[in-house]
Amino acid sequence: MMVNPMEAGDAAAGVFTTSEDTRLMTKVARLYHEQGVRQPEIAKRLNISQPRVSRLLKKAVATGIVRTTVVAPRGVFAEIEDEVEQRYGLQEVVVADTGEEDDEFVIAPALGAAAAFYLETTLTGGERIGVSSWSSTLLATVDSMRPRNSHECESVVQVLGGLGQPSAQARATHLVGRLVQVTGAKATYLPAPGLVTSDATRRALLKEDSIAQAIDAFPELTVLLAGIGSLLPSALLRASGNAVSTEDEERLREAGAVGDVCMRYFDAEGKPVKSHLDNRILGIDNAALLAIPRRIGVAGGRRKHEAIRAALLGGWINTLVTDSATAAYLRDAAR
């Protein structure tokens, strides 16, 4: 709280009942809010009743003599979070304190910790979470989460095929398994590669019961937890064997693609990019993805700036966990 002397002066000019009321109101407000004097002591000092002290304090707030201000501590970015939320129409933005770093691999632990805290405070029970498979920031997120006694989620569903090279596949499996462990949910894996060799292979795999079970769960999801990819695949995705080839990458670039969510590509304005890969991806499609009510993207770093902005513009995500430099870029790019 702060006491505004200019407001008090305006009040003396006639905004309030009398100048004496204004003087007493201001004095009481200063004693209480600036000096920390408790109400019974104020009453004793000024020879007025405690109920009157209480009434004067309430009136000081109602009439503008006292105003509430929130001063964010170092490492809290409330103002820029609000700006990015408003400029892109997002449900929420969480900005992690990453100092001067803007390398996505260096800042991943900080992003993961911020995303973990956000999830721990917003998962209220009964959620059905879809989670992407190949993201270092999501791995950092689930590893930062603490197991809870209550069951905060009903299910965790892998929304992009999680099979690949053994070392990378183990990390994709760990991502789902750890999220299940900390939330008490039931796991549904998508036991197939995220990117297959042909449409015929994809159609054949969709007939498998275990794969169909995961696909059938997509329309029931209430939360999506995903990374945001730039056109250049991440080290984890490349190591998994699910990354697009150099030739495919070039064709996507020629089509205008700048990034992806769950391997669904979009251009700089966030519009879907139709490509030859669409029928080779084994995972959630555009319509099912965009129908999920809360779509949380955890991503940051200079390399991903354009992709993150495009994901916001296209509505691919509506909740963002990112670093301070990326948040500043998003704010300024929207002007």
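## Topic: the nonpolar core
- Residues Phe218, Leu224, Ile228, Val261, Cys262, Ile284 and Leu320 are the most contacted members of the largest nonpolar core, which totals 39 residues.
- Of all the elements in the fold, those that place two or more residues in this core are helix H5 (78-88), strand E3 (92-96), helix H10 (209-217), strand E7 (223-226), strand E9 (257-261), helix H13 (286-290), helix H14 (305-313) and helix H15 (324-333).
- Of the residues forming this core, the biggest block, 5 residues, is contributed by H14.
- Not counting chain neighbours up to four residues away, the residues in contact with Leu224 comprise Gly130, Val159, Val261, Cys262, Leu289, Ile292, Arg294, Arg295 and Ile296.
- Membership of the second largest hydrophobic core comes to 29 residues, among which are Leu119, Leu123, Val131 and Val298.

## Some thoughts on the sheet that holds strand E4 (residues 127-131)
- Taken together, 7 strands build an open sheet; the order of strands is E3-E12-E11-E7-E4-E5-E6 and the sheet is parallel. Each edge of the sheet is formed by a strand with only one pairing partner; in this case those strands are E3 and strand E6 (186-188). Looking at each pair of strands side by side, their axes are set apart by 20° on average, direction ignored.
- Bridge count for E7 against strand E11 (residues 294-298) is 4 bridges, and the pairing is parallel. By the bridge assignment for E11, Ala226 is matched with Gly297.

## Some details on helix H4 (residues 50-62)
- With 13 residues, H4 should cover 18 Å at 1.5 Å per step; its first-to-last C-alpha distance of 19 Å lies within 8% of that length.
- Taken as a whole, H4 has its buried residues at Val53, Leu56, Leu57 and Ala60. Take H4 and look down its axis: the buried residues cluster within an arc of 100°, on one side only. Residues Arg55, Lys58 and Ala62 are exposed on H4 and point more than 90 degrees away from its buried face.
- Gly64, located one to two residues past H4, shows a positive phi value of around 95°.

## What about the pattern of salt bridges?
- Within this structure, the stated rule accounts for 16 salt bridges.
- Here Glu127 makes a salt bridge to Arg294, at a shortest N to O gap of 3.4 Å. Residue Glu127 is located in strand E4, and its partner Arg294 is located in strand E11; the two are separated by 167 residues in the primary sequence.
- For Glu250, the salt bridge is made with Arg253, and the minimal N-O distance between the two is 3.2 Å.

## Details of the packing of H14 against H15
- Running from amino to carboxyl end, H14 crosses H15 at an angle of 60°, the nearest separation of the two axes being 10 Å. Classified by the angle between their axes, H14 and H15 sit oblique to one another. As H14 packs across H15, the resulting crossing turns out to be right-handed. Taken together, the residues of H15 that come into contact with H14 (itself represented by His305, Glu306, Ile308, Arg309 and Leu312) are Ala325, Thr326, Tyr329, Leu330 and Ala333.
- Residues of the contact of H14 with H15, tallied by class, amount to 6 nonpolar, 2 polar and 2 charged.

## Concerning the sheet that holds E9
- Spatial ordering of the open sheet is given by E8-E9-E10, a layout of 3 strands whose pairing is antiparallel. Looking at the sheet topology across the chains shown, the edges are occupied by strand E8 (229-230) and strand E10 (264-267).
- In the sheet, E8 pairs with E9 via 2 bridges, with the strands oriented antiparallel. Each bridged residue has a counterpart across the sheet, and for Gly229 the counterpart in E9 is Asp260.
- Contacting E8, E9 and E10, H14 crosses the sheet at an angle of about 65° to E9.

## Quick word on the packing of helix H6 (residues 104-122) against helix H7 (residues 136-144)
- Interaxial distance between H6 and H7 falls to 7 Å at its minimum, and their mutual angle equals 55°. Judged by the inter-axis angle, H6 sits oblique to H7. Every pair of crossing elements has a handedness; the one defined by H6 and H7 is right-handed. From H6, Ala108, Pro109, Leu111, Gly112, Ala113, Ala115, Ala116, Leu119 and Glu120 reach across to H7, where they touch Thr137, Ala140, Thr141 and Ser144.

Cut-offs used in this document
Residues numbered from 1 in each chain as written. Predicted model: local features only at pLDDT ≥ 70, side-chain atom pairs only at ≥ 80, totals over all residues. Heavy atoms only, no water. Core = buried A, V, L, I, M, F, W, Y, C linked by side-chain atoms within 4.5 Å. Buried < 20%, exposed > 50% of the residue type's maximum accessible area, 1.4 Å probe, protein only. Helix = DSSP H or I, 4+ residues; strand = E, 2+ residues; numbered from the N terminus. Contact = heavy atoms within 4.5 Å. Pairing = 2+ DSSP bridges. Axes fitted to C-alpha atoms, helices over the stretch in contact; angles between N-to-C directions. Expected span 1.5 Å × (residues − 1). Arc of directions from axis to C-beta. Salt bridge = Lys/Arg side-chain N within 4 Å of Asp/Glu carboxyl O. Parallel < 35°, antiparallel > 145°, perpendicular 65-115°, else oblique. Left-handed = near helix turned anticlockwise from the far one by under 90°. Nonpolar A, V, L, I, M, F, W, Y, C, P; charged D, E, K, R; others polar.

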